[in-house]
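Here's the letter readout for the chains.
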Amino acid sequence: MTCTTRTVCPHCGWPDGGEPFQVLSRHTTATGRTEWTRCGCGSLQVRIVDGCGTRVVSRSRPASASAGSGTAGH
(Lines give C-alpha, C1' and ligand atoms only; values in the text may rest on other atoms or scores of the structure.)
Protein backbone atom coordinates (compact mmCIF):
# COMPACT_ATOMS: atom_id res chain seq x y z
CA MET A 1 0.00 0.00 0.00
CA THR A 2 1.35 3.42 -0.94
CA CYS A 3 1.75 6.05 1.76
CA THR A 4 -0.37 9.14 1.24
CA THR A 5 0.38 12.57 2.56
CA ARG A 6 -1.35 15.94 2.54
CA THR A 7 -4.82 14.47 2.17
CA VAL A 8 -7.95 16.28 3.20
CA CYS A 9 -11.55 15.35 3.91
CA PRO A 10 -13.48 15.73 0.64
CA HIS A 11 -16.56 16.80 2.58
CA CYS A 12 -15.17 19.66 4.68
CA GLY A 13 -11.59 20.16 3.46
CA TRP A 14 -10.04 19.57 6.88
CA PRO A 15 -6.57 17.93 6.73
CA ASP A 16 -6.67 14.23 7.62
CA GLY A 17 -3.78 14.73 10.04
CA GLY A 18 -5.39 17.72 11.76
CA GLU A 19 -7.47 17.87 14.87
CA PRO A 20 -10.29 17.66 15.78
CA PHE A 21 -11.21 14.11 15.06
CA GLN A 22 -12.71 11.65 17.49
CA VAL A 23 -11.13 8.21 17.87
CA LEU A 24 -13.98 5.70 18.15
CA SER A 25 -11.88 2.54 18.42
CA ARG A 26 -8.33 1.21 17.95
CA HIS A 27 -7.37 -2.31 16.88
CA THR A 28 -3.85 -3.74 16.82
CA THR A 29 -2.91 -5.56 13.61
CA ALA A 30 0.15 -7.55 12.51
CA THR A 31 1.61 -4.47 10.81
CA GLY A 32 0.45 -1.67 13.11
CA ARG A 33 -3.01 -0.43 14.05
CA THR A 34 -6.43 0.25 12.53
CA GLU A 35 -8.41 3.19 13.92
CA TRP A 36 -12.03 4.11 13.38
CA THR A 37 -12.38 7.88 13.71
CA ARG A 38 -14.93 10.61 13.07
CA CYS A 39 -13.91 13.85 11.34
CA GLY A 40 -15.14 17.17 12.72
CA CYS A 41 -17.77 17.24 9.92
CA GLY A 42 -19.13 13.83 10.98
CA SER A 43 -17.53 11.65 8.30
CA LEU A 44 -16.66 8.17 9.62
CA GLN A 45 -13.07 7.23 8.69
CA VAL A 46 -10.88 4.12 8.81
CA ARG A 47 -7.23 4.99 9.43
CA ILE A 48 -4.22 2.71 9.09
CA VAL A 49 -1.25 3.46 11.37
CA ASP A 50 1.96 1.64 10.44
CA GLY A 51 5.58 2.23 9.44
CA CYS A 52 4.45 4.60 6.67
CA GLY A 53 2.59 6.82 9.14
CA THR A 54 -1.15 7.41 9.38
CA ARG A 55 -3.51 7.52 6.42
CA VAL A 56 -7.25 7.41 5.85
CA VAL A 57 -8.12 4.39 3.70
CA SER A 58 -11.92 4.66 3.77
CA ARG A 59 -14.52 7.26 4.74
CA SER A 60 -18.24 7.87 4.67
CA ARG A 61 -20.24 10.96 3.95
CA PRO A 62 -21.22 13.04 6.97
CA ALA A 63 -24.63 12.21 8.39
CA SER A 64 -27.29 14.54 7.02
CA ALA A 65 -29.00 16.95 9.41
CA SER A 66 -32.36 15.33 8.62
CA ALA A 67 -31.14 11.82 9.51
CA GLY A 68 -32.51 12.14 13.05
CA SER A 69 -29.25 12.08 14.99
CA GLY A 70 -31.03 12.82 18.24
CA THR A 71 -29.41 16.25 18.62
CA ALA A 72 -32.27 18.34 17.22
CA GLY A 73 -32.57 21.64 18.98
CA HIS A 74 -28.97 21.61 20.28
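The preceding data block contains the structure.
The rules behind these values
- Residues numbered from 1 in each chain as written.
- Predicted model: local features only at pLDDT ≥ 70, side-chain atom pairs only at ≥ 80, totals over all residues.
- Heavy atoms only, no water.
- Helix = DSSP H or I, 4+ residues; strand = E, 2+ residues; numbered from the N terminus.
- Buried < 20%, exposed > 50% of the residue type's maximum accessible area, 1.4 Å probe, protein only.
- Contact = heavy atoms within 4.5 Å.
- Pairing = 2+ DSSP bridges.
- Salt bridge = Lys/Arg side-chain N within 4 Å of Asp/Glu carboxyl O.
- Axes fitted to C-alpha atoms, helices over the stretch in contact; angles between N-to-C directions.

## Quick word on the overall build of the protein chain
Here's step 1: Along the backbone of the protein chain there are 0 helices and 4 strands.
Here's step 2: In the protein chain, buried positions account for 22% of the 74 residues.
Here's step 3: Taking as baseline every contact in the protein chain between residues at least 6 positions apart, the subset at least 24 positions apart corresponds to 25%.

## Focus on the pairing of strand 3 (residues 44-50)
Here's step 1: Burial runs high along strand 3: 5 of the 7 residues are buried.
Here's step 2: Where strand 2 (residues 33-39) and strand 3 come together, 6 bridges link them in antiparallel fashion. Residue pairing in the sheet places Trp36 in a bridge with Val46 of strand 3.
Here's step 3: Between strand 2 and strand 3, which pair antiparallel in sequence order, lie 4 residues; one of them, Gly42, sits at a positive phi of approximately 105°.
Here's step 4: Both strand 3 and strand 4 (residues 53-59) contribute to a ladder of 6 bridges, which runs antiparallel. Residue pairing across strands places Val49 opposite Thr54, the latter belonging to strand 4.
Here's step 5: Hairpin connection between strand 3 and strand 4: a loop of 2 residues separates the two successive antiparallel strands.

## Examining the side chain of Asp16
Here's step 1: Locating Asp16 in the fold gives a position in the segment before strand 1 (21-28).
Here's step 2: The class for Asp16 is buried, based on a relative accessible area of 6%.

## Considerations on the pattern of salt bridges
Here's step 1: Across all of its chains, the model carries 4 salt bridges by this definition.
Here's step 2: Ionic contacts of the salt-bridge type, sharing partners, join the residues Arg26, Arg33 and Glu35 into one network.

## Details of the sheet that holds strand 4
Here's step 1: Sheet architecture is open: 4 strands sit in the order 1-2-3-4, paired in antiparallel fashion. What marks the edges here is a single partner per strand, and that holds for strand 1 and strand 4. Averaged over all pairs of adjacent strands, the angle between their axes in this sheet comes to 25°, without regard to strand direction.

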